[in-house]
Amino acid sequence: MPDRIELRGITAQGRHGWFPHEQEQGQPFLVDVALAVDTRPAAASDELSDTVDYGTLAERVVDIVEGDPVKLVETLAQRIADICLDDIRVEEVEVTVHKPQAPTTVPVGDVTVTIRRARK
C-alpha cells in the first residue's frame, strides 16, 4: 500500500460554473488532494527534494482554481489531478473539489466532485 500525502481545504476564489453569473461573480472553492507516494526516499534522506513539495503543489492548485473558468466541477477536478500527476513520484491522486455556494433550488450544505486518477 503506498504512503499518502494529503492537502485538505485548499481555498481559492474561482469563476467556474454553468451559469453566466457564476463565471462573472465567482465564488469560493475548496480542494482536497490525496497523493499516493512512496515516502521512504524522503524519510531516509530528510530532504525536500526527495518528496512532493506540498507547498508548491498547493500554490499550483490555487492557480488552477483562480485561472481560466470552466463550466463543470468535473473539468476543474481533472485539471487539478493532471498537475498532481506531473510529479513522477505521484502514483495515484484523489481530488475532491467542494463548491459550497453551488446554485441549487433547495438548501445544500456543500456540493463535491471526487475523482481518482492513476499513472498510466
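For the structure itself, consult the block above.
Residues numbered from 1 in each chain as written. Predicted model: local features only at pLDDT ≥ 70, side-chain atom pairs only at ≥ 80, totals over all residues. Heavy atoms only, no water.

Chemist: Account for the overall build of the chain, naming residues and giving values.
Modeler: Regarding its fold elements, the chain presents four helices and four strands. In terms of overall dimensions, the chain has C-alpha extents of about 50 × 25 × 25 Å along its principal axes. Out of the 120 residues belonging to the chain, those deemed buried represent 37%. A sequence separation of at least 24 residues applies to 64% of the contacts in the chain between residues at least 6 apart. Surface summary for the chain: the accessible area is close to 7200 Å², and the carbon and sulfur share equals 51%. (Helix = DSSP H or I, 4+ residues; strand = E, 2+ residues; numbered from the N terminus. Buried < 20%, exposed > 50% of the residue type's maximum accessible area, 1.4 Å probe, protein only. Contact = heavy atoms within 4.5 Å. Areas by Shrake-Rupley, 256 points an atom, 1.4 Å probe, with all protein chains shown as cover.)

Chemist: Could you give me a rundown of helix α4 (residues 73–84), with the residues and numbers involved?
Modeler: The terminal C-alpha atoms of α4, which comprises 12 residues, lie 17 Å apart, in line with the 16 Å expected from a rise of 1.5 Å per residue. Of the residues making up α4, those classed as buried are Val 73, Leu 76, Ala 77, Ile 80, Ala 81, Ile 83 and Cys 84. Down the axis of α4, the sector holding all buried residues measures 165 degrees, keeping them to one side. (Expected span 1.5 Å × (residues − 1). Arc of directions from axis to C-beta.)

Chemist: Break down the nonpolar core for me, citing the residues and quoting the values.
Modeler: Counting 28 residues, the largest nonpolar core has Val 33, Leu 35 and Ile 80 as its most contacted members. Mapped onto this core, the elements with two or more residues apiece are β1 (3–14), β2 (27–37), α3 (54–66), α4, β3 (90–98) and β4 (112–118). (Core = buried A, V, L, I, M, F, W, Y, C linked by side-chain atoms within 4.5 Å.)

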